[in-house]
Amino acid sequence: MNIVSVGYDSTNYYILDAQGGKLLVDCGWPGTLPKLTAEVKRKGMALKEIKYLLVTHFHPDHAGIAQDLKNLGVKLILLETQPAYIPQLTQLFKSKKRPYLEIKMHDNLLLRFEDSRAFLHKLGICGEILSTPGHSDDSISLILDEGLAFTGDLPPRFIISEDNHLALESWDKIYQHRITRIFPAHGS
Ligand SMILES: [Zn+2]
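In this report, the structure presented in the accompanying data block is examined. (Residues numbered from 1 in each chain as written. Predicted model: local features only at pLDDT ≥ 70, side-chain atom pairs only at ≥ 80, totals over all residues. Heavy atoms only, no water.)

Some points on the coordination of the zinc ion
With distances of 2.1 to 2.5 Å, the protein atoms coordinating the zinc ion are H57 (NE2), H59 (ND1), H135 (NE2) and D153 (OD). Note that the zinc ion binds 4 donor atoms; their angles at the metal cover 85 to 178 degrees, and the shape is irregular. For the zinc ion, all donor residues lie on one chain, and their spacing in sequence is H-x1-H-x75-H-x17-D. With H57 in the loop between strand 4 (50–54) and helix 2 (60–63) and H135 in the loop between strand 7 (127–131) and strand 8 (140–144), the pair connects residues that are 78 residues apart, well separated along the chain. For H57, a relative accessible area of 0% gives the class buried. (Donors = N, O, S within 2.8 Å, 3.2 Å for Na, K, Ca; no water. Tetrahedral: all angles 85-135°; square planar, octahedral: opposite > 155°, others 65-115°. Helix = DSSP H or I, 4+ residues; strand = E, 2+ residues; numbered from the N terminus. Buried < 20%, exposed > 50% of the residue type's maximum accessible area, 1.4 Å probe, protein only.)

Quick notes on the packing of aromatic side chains
Applying the stated criterion across every chain yields a total of 8 aromatic pairs. Taking the centre distance of 5.3 Å and the plane angle of 85 degrees together, the rings of Y14 and F183 count as edge-to-face. On the criterion of sequence distance, the pair formed by Y14 in strand 2 (residues 14–18) and F183 in strand 10 (residues 181–184) is long-range, its members being 169 residues apart. Seen in terms of ring centroids, W29 and F93 are 6.5 Å apart; in terms of plane orientation they differ by 85 degrees. Their pairing is edge-to-face. Within this pair, whereas W29 is found in the loop between strand 3 (21–25) and helix 1 (33–42), its partner F93 is found in helix 4 (residues 86–94), the two being separated by 64 residues in sequence. Here the aromatic residues Y14, F150 and F183 are joined through ring pairs into a cluster of three or more. (Phe/Tyr/Trp six-rings, centres within 6.5 Å; stacked < 30°, edge-to-face > 60°.)

Notes on the nonpolar core
Membership of the largest hydrophobic core comes to 28 residues, with the highest contact counts inside it found for V6, L24, L36, L53, F58 and L69. For this core, the secondary-structure elements that each account for two or more residues are helix 1, strand 4, helix 3 (66–71), strand 5 (75–79) and helix 4. Leave out the neighbours within four places in its chain, and L53 touches L23, L24, D26, C27, A66, L69, V74, K75, L76 and I77. One finds L16, L120, I129 and L148 within the second-largest nonpolar core, a separate group that totals 22 residues. (Core = buried A, V, L, I, M, F, W, Y, C linked by side-chain atoms within 4.5 Å. Contact = heavy atoms within 4.5 Å.)

Some remarks on helix 6 (residues 165–174)
Burial in helix 6 covers these residues: A167, L168, S170, W171 and I174. Taken down its axis, helix 6 places every buried residue within 155 degrees of arc, on the same side. Buried-residue contacts for helix 6 involve strand 7, strand 8, strand 9 (148–152) and strand 10. (Arc of directions from axis to C-beta.)

Comments concerning the sheet that holds strand 9
Spatial strand order, 7-8-9-10: 4 strands in an open sheet with mixed pairing. Two strands in the sheet have a free side with no partner beyond their single neighbour: strand 7 and strand 10. Here the average twist between neighbouring strands, direction ignored, is 20 degrees. Relative to strand 9, strand 8 runs antiparallel, the two sharing 3 bridges. Bridging across to strand 9, I143 finds its partner in A149. (Pairing = 2+ DSSP bridges. Axes fitted to C-alpha atoms, helices over the stretch in contact; angles between N-to-C directions.)

As for unusual backbone geometry
Negative phi values dominate among residues other than glycine, just as trans dominates among peptide bonds. The residue D9 is not glycine, and still its phi comes out positive at about 50 degrees. Residue position: D9 is located in the loop between strand 1 (3–5) and strand 2. Taking the relative accessible area as the measure of exposure, D9 reaches 37% and is therefore partly exposed. If you check the backbone angles, S10 has positive phi at about 60 degrees while not being a glycine. Its location among the elements puts S10 in the loop between strand 1 and strand 2. Look at S10 and you get exposed, because its relative accessible area is 66%.

Encoded structure:
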């Protein structure tokens with residue numbers, strides 16, 4: 001799998017090749033569409049090549065320009081646990097000056113975890129999406145069968161205290177797959 005990092009402002013955003021377009025994992029703070037556009041261009045691609053957006057969780061540095069991208073024709077993939085957490089993000093920006101576009105709820109691609117493998121297969125991607133709470137309850141991880149895991153803000157395994165059962169269970173779930181490389185949303 002060809003994976004290109006198009007991150008900025010200390011968050012990693014990843015572009016994966018998919019059939020008929022590319023899949024973007026996470027997108028930045030409100031108002032940063034020009035930054036993403038520039039970064040994508042700098043890596044030799046065009047924004048219009050992105051067809052799908054997967055958000056690891058609905059925090060502002062991961063979903064801030066989701067609607068901006070949707071307005072450009074990108075399809076937002078929502079896992080079954082995620083819709084309930086979008087209003088919190090909207091609420092966060094109610095009183096702020098940041099140019100946040102509220103994520104519309106009617107036109108997304110709603111996906112159950114159990115259907116994620118079949119869905120990704122249609123995009124030419126071998127893998128699945130897991131519910132991996134610990135950083136936030138709506139957090140998900142994208143697992144590729146070749147051994148790659150996109151884990152969002154799930155804290156690294158070695159810094160989790162033993163009483164953070166949710167995060168530990170999420171890592172157990174991730175490591176049921178043969179993982180050789182982790183792609184976190186922050187850091188390397
Ligand atoms: Zn977060």
